[in-house]
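Breakdown of the fold
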Amino acid sequence: MKVDILASGSSGNCIAVRSENTTVLVDAGIARTKIDKRLLDVGIKPTSIAAIFVTHGHADHIKGLPIANKYKIPVYAGEDEWKSIKNVDPELQAIKRTEKILELNDLFIDAFATHHDAYDPHGYTIRDRAGNKVSVCLDTGHVDDVMIRMMSDSTVYVIESNHEPKMVEASQYPNSVKSRVLSDVGHLSNSQTAGALSRLIKGMGEQIYLTHLSASNNLPALAEMTVVRALLKRGFKKNIDYKIEVIS
Ligand SMILES: [Zn+2]
Ligand SMILES: [Zn+2]
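Read on for an overview of the structure.

Rules of the game
Here the residue numbers are simple positions, counted from 1 along each chain's written sequence. For this description, chains carry letters from A and ligands carry numbers from 1, given in the order in which they are written. Local features in this predicted model are restricted to residues whose pLDDT is 70 or higher, and side-chain atom pairs enter the listing and the counts only when it is 80 or higher, whereas totals over whole chains, interfaces and linings include all residues. In computing side-chain properties, one takes all heavy atoms of the structure into account and sets aside hydrogens as well as water. For two strands to be treated as a pair, DSSP must find at least two bridges joining them. Secondary structure counts use DSSP, requiring at least four H or I residues in a row for a helix and at least two E residues in a row for a strand, with both numbered from the N terminus. Only the stretch in contact is used when fitting a helix axis, every axis being a line fitted to C-alpha atoms; angles between N-to-C directions are given from 0 to 180 degrees. Working rule for contacts: check all heavy atoms of both residues, and any pair within 4.5 Å makes them a contact. Only nitrogen, oxygen and sulfur atoms count as donors, using a 2.8 Å cut-off from the metal that widens to 3.2 Å for Na, K and Ca. Water is left out, so coordination shells may look unfilled. Think of it in three bands: residues with accessible area under 20% of the maximum for their type are buried, residues over 50% are exposed, and the middle band is partly exposed, with areas taken using a 1.4 Å probe on protein chains only. The definition of a nonpolar core used throughout is a set of buried Ala, Val, Leu, Ile, Met, Phe, Trp, Tyr and Cys residues joined through side-chain atoms within 4.5 Å. Here a crossover is taken to be right-handed if, once the strands point away from the viewer, the path from the first strand over the helix to the second is traced clockwise. For four-coordinate sites, all angles between 85 and 135 degrees define a tetrahedron; for four- and six-coordinate sites, opposite donors beyond 155 degrees with the remaining angles between 65 and 115 define square planar and octahedral shapes respectively, and all other cases count as irregular. In the sections that follow, a salt bridge refers to a side-chain nitrogen of Lys or Arg positioned within 4 Å of a carboxyl oxygen of Asp or Glu.

1. Regarding the sheet that holds strand β7 (residues 102-104)
The sheet built from 7 strands is open, its strands ordered β7-β8-β9-β10-β11-β12-β13 with mixed pairing. Both outer strands of the open sheet, β7 and β13 (242-246), are each paired with one neighbouring strand and no more. Direction aside, neighbouring strands of the sheet carry axes that sit 15 degrees apart on average. Where helix α7 (residues 190-200) meets the sheet, its contacts fall on β11 (156-160) and β12 (206-211), and the angle it forms with β11 comes to roughly 160 degrees.

Listed below in structure tokens is the structure:
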């Protein structure tokens, strides 16, 4: 399976996952015209997209959803999350239930609940018949045991590594925003992400993509170092046991 991160961060998130026969997107959080262009850049025809899976209804995840209307692509989201998604034609709105695996050609898509200040936020796992598995875990205040179980044995992890708590505390953000980011339903800190990956990585050559970094309260090198150190404690070496890339 091939994973292309077309956009990452608070200005927009969009991830393309494709097998030999099927392409899906997770989130469409940049302008539709930009998605069109970036899809073309990586050789994906928008008409070939089988479905879009939405993590939650914040603008940086849904801004470009009118692409679904243009190409008649079904859009899946948690049932209650549709309360905050208003830019998709009704006939394309689909519900992704956590307990039901969706089969799309040669892909199997499952969802797990995340912890974020949205109505019904989710992360997704996408498997193919060859045993490849991509997990996408974006905005969430913490990672629970169910999420770990759902994501385990992935070959690719796309996970947010949003902020360094000390940088948030020292930032110019209003206190309300600071406490939101740092809360249990906010975003993952570098060490939370490192903690989750220490439970997930088995040294099988997995690919990690650290995404959704805060532009003002994180540094790509710091995010990577936090994960690399945590995995080294478990005996796993970068580029030998796993690969890591920061998409900021
Ligand atoms: Zn969000
Ligand atoms: Zn976000």
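Moving on from the model shown.
2. Describing the coordination of the zinc ion (ligand 2)
Distances from the zinc ion (ligand 2) to its protein donors, namely Asp60 (OD), His61 (NE2), Asp139 (OD) and His212 (NE2), fall within the range 2.1 to 2.2 Å. The motif formed by the donor residues of the zinc ion (ligand 2), counted along the single chain, is D-H-x77-D-x72-H. The metal-metal distance between the zinc ion (ligand 2) and the zinc ion (ligand 1) comes to 3.6 Å, with Asp139 coordinating both. Remark: His212 occurs in the loop between β12 and α8 (220-233) and His61 occurs in helix α2 (residues 59-62); sequence separation between them is 151 residues. As far as burial versus exposure is concerned, His61 and His212 are alike and both buried.

3. With respect to the nonpolar core
The biggest cluster of nonpolar side chains holds 25 residues, and the ones touching the most others in it are Met151, Leu197, Ile201, Ile208, Leu210 and Val227. Counting only elements with at least two residues in this core, the list comes to α4 (145-151), β11, α7, β12, α8 and β13. In this view, Leu210 contacts Ile159, Ser161, Thr193, Leu197, Ala223, Glu224, Val227, Ile244, Glu245, Val246 and Ile247; residues no more than four positions away in its chain are not counted. In terms of nonpolar packing, the next biggest core, distinct from the first, is built from 24 residues, Ile49, Ile52, Ala77 and Ile85 among them.

4. With respect to the pairing of β12
Of all 6 residues in β12, 6 are buried; the element is thus mostly enclosed. On β12, burial covers both faces: Glu206, Ile208 and Leu210 on one face and Gln207, Tyr209 and Thr211 on the other are all buried. Once the chain exits β12 it traverses α8 before rejoining the sheet at β13, and the crossover so formed is right-handed.

5. Re the coordination of the zinc ion (ligand 1)
Taken together, His56 (NE2), His58 (ND1), His116 (NE2) and Asp139 (OD) make up the full set of protein donors to the zinc ion (ligand 1), lying 2.2 to 2.4 Å away. One way to put it: the 4 donor atoms around the zinc ion (ligand 1) meet at angles of 90 to 169 degrees, and that makes the site irregular. Positions of the donor residues of the zinc ion (ligand 1) along the chain correspond to the pattern H-x1-H-x57-H-x22-D.

6. Brief notes about the pattern of salt bridges
Within this structure, the stated rule accounts for 11 salt bridges. Residues Asp41 and Lys37 are paired through a salt bridge, measuring 3.2 Å at the closest nitrogen-oxygen approach. Of the two residues, Asp41 and Lys37 both sit in helix α1 (residues 32-41), 4 residues apart, roughly one turn of that helix. Relative accessible area serves as the criterion here: at 52%, Lys37 is assigned to the exposed category. One salt bridge connects Asp145 with Arg199, and the closest N-O pair in it is separated by 3.0 Å. Of this pair, Asp145 sits in helix α4 while Arg199 sits in helix α7, and the two are 54 residues apart along the sequence. Here Asp145 falls in the exposed class, since its relative accessible area comes to 53%. The class for Arg199 is partly exposed, based on a relative accessible area of 47%. Salt bridges sharing partners connect three or more residues here, namely Lys2, Asp4 and Arg18.

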